[in-house]
Amino acid sequence: MKRRTLLLTTLAVTAALNAPAALAQGKPIRIIVPYAPGGPIDVTARQLAERVKDSLGVVIIENRPGGGGNIGADAVAKAAPDGLTIGIAAVATHAINPWLFSKMPYNAATDFAPITQMLRVPNVLVMNADTAARLKINTLADLIAYAKANPAKLNYGSGGKGSAGHLAGEMFKRDAGIFAVHIPYNGGNPAQLALLSGQVDFNFDNLATAAPNIKSGKLKALAVTTAKRSPALPEVPPVADTLKGFEIDTWWGLVAPAGTPKDVIARYNQAFVAALNSPETRTRYAALMAEPAPDTPEAFGAFMKRELAKYERVVKASGAKVD
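Since the model is a prediction, treat every value here as computed from it, not as a measurement.

Across the interface, helix 9 (residues 164-176) lies against helix 14 (residues 297-318) with an axial gap of 10 Å and an inter-helix angle of 85°. In terms of their interaxial angle, helix 9 and helix 14 are classed as roughly perpendicular. Note on element contacts: helix 14 touches helix 9 through K310, Y311, V314, V315 and S318, opposite H166, L167, E170, M171 and R174. Classifying every residue of the contact of helix 9 with helix 14 by side-chain character gives five nonpolar, two polar and three charged.

This model, assessed by the stated rule, comprises nine aromatic pairs. Ring geometry for F204 versus F246: centroids 6.4 Å apart, planes at 25°, classification stacked. A residue pair is termed long-range when its members are at least 10 positions apart, and F204 in strand 8 (residues 202-206) and F246 in the loop between strand 9 (219-224) and strand 10 (250-257) qualify at 42 residues. You'll find F204 and F246 in the same group, each marked buried.

Glancing now at the sheet that holds strand 3 (residues 85-90). In spatial order, the strands read 2-1-3-10-4-11; together these six strands make up an open sheet with mixed pairing. Whereas interior strands pair on both sides, the edge strands pair on one side only; in this sheet they are strand 2 (59-63) and strand 11 (291-292). The pairing of strand 3 with strand 10 spans four bridges and is classified as antiparallel. Considered in strand 10, the bridge of A89 is made with G253. Together, strand 1 (29-33), strand 3, strand 4 (112-121) and strand 10 form the strand contacts of helix 5 (residues 70-77), whose direction differs from that of strand 10 by roughly 30°.

Another aspect to go through is the side chain of T226. Take T226: it is sitting in the loop between strand 9 and strand 10. T226 gets classed as buried once you look at its relative accessible area, which sits at 5%. Within polar-contact distance, the side chain of T226 engages the backbone oxygen of K228 at 2.7 Å. Not counting residues within four places of it along the chain, the set of residues in contact with T226 comprises P122, P238, E247 and D249.

So, about helix 14. Compared with an ideal rise of 1.5 Å per residue, which puts 22 residues at 32 Å, helix 14 spans 31 Å between its outermost C-alpha atoms and is within 8% of the ideal. All of the buried residues along helix 14 are P297, F300, F303, M304, E307, L308, K310, Y311, V314, V315 and S318. Looking at the buried residues of helix 14, the elements they touch are strand 3, helix 6 (91-100), strand 4, helix 9, strand 10 and helix 12 (262-277). Of the residues trailing helix 14, G319 is marked for its positive phi of about 75°.

Another point: the sheet that holds strand 9. Strand order in this open sheet of five strands is 7-6-8-5-9, and the pairing throughout is mixed. Bordering the open sheet on either side are strand 7 (181-184) and strand 9, each of which pairs with just one other strand. The sheet shows a mean angle of 30° between the axes of neighbouring strands, taken without regard to direction. Inspection of the sheet shows strand 6 (residues 155-158) paired to strand 7 by four bridges, in the parallel sense. Of the residues in strand 7, the one forming a bridge with G157 is I183. Running over the sheet, helix 9 touches strand 5 (123-128), strand 6, strand 7 and strand 8 and is turned about 150° from strand 6. Taken strand by strand, helix 11 (residues 207-215) contacts strand 5, strand 8 and strand 9, and its axis lies near 120° from that of strand 8.

Calculation notes
Residues numbered from 1 in each chain as written. Predicted model: local features only at pLDDT ≥ 70, side-chain atom pairs only at ≥ 80, totals over all residues. Heavy atoms only, no water. Axes fitted to C-alpha atoms, helices over the stretch in contact; angles between N-to-C directions. Helix = DSSP H or I, 4+ residues; strand = E, 2+ residues; numbered from the N terminus. Parallel < 35°, antiparallel > 145°, perpendicular 65-115°, else oblique. Contact = heavy atoms within 4.5 Å. Nonpolar A, V, L, I, M, F, W, Y, C, P; charged D, E, K, R; others polar. Phe/Tyr/Trp six-rings, centres within 6.5 Å; stacked < 30°, edge-to-face > 60°. Buried < 20%, exposed > 50% of the residue type's maximum accessible area, 1.4 Å probe, protein only. Pairing = 2+ DSSP bridges. Polar contact = N/O pair within 3.5 Å; in protein donor to acceptor, adjacent residues only side chain to side chain. Expected span 1.5 Å × (residues − 1).

So this is what it looks like as structure tokens:
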């Protein structure tokens, strides 16, 4: 009897030592989403939380919107590194905002421990279909040639200064060696309406948002901004086919506070990567025009470092500032 009790005790202690800190304490894991409920980041985070409940236990979503995502990201940075709190790192919070805001509450490069990238959503360069037909622009090369032959005659819209659409447009102008007037709008929807009505000539838009108008023929897709063709729009070539090295995606992933134990990071990576690779998750994300992009903590950390450096150049060149 004593041997059996000793064996059970030993097994229990071993299981506790091998479990993530959150599970060992019997407490739920909290994922902080730095944006409001209902958006694509929130939706995908909730779907992923549901998929890992069998391996990690209860995972709750806590929305902390505000400050362009900075409020929620700061809450993750300042949380205890005990494995109970993780959060979303996005292109805005960890690559663009550090250069867009003059004062940041956290250090994107040092205050977080990467877990895995979740997904990326391609952006797409779209023109008003009637405008494209009138100007005889059928390809990205046609657009660049027209812009060079007609300096300052083209314009493009975006959801505001410092938005992904604005910065993609500035990268495009720089790499193509052209000039086009930037017209900022108060959000992505007004910018899309301006394109549809012919007030602007082209936009860099989120593929999920632009897809219905591309399919209906109202917008003409010239190129996607991913390095390779997107499965969601396979007939449209990437900008990189014309402008080598051009790549700008909307992405987000999972991070923990810096100092979170490496074994906890490893276990969370294993659970979330398995969930991201599941056929059900891929199907649900495909409906949002999103591509799962699971990777190792080291790979995600290196990726975020490259993105931070890339956007430093782009934001500074654009002159965009929020405060």
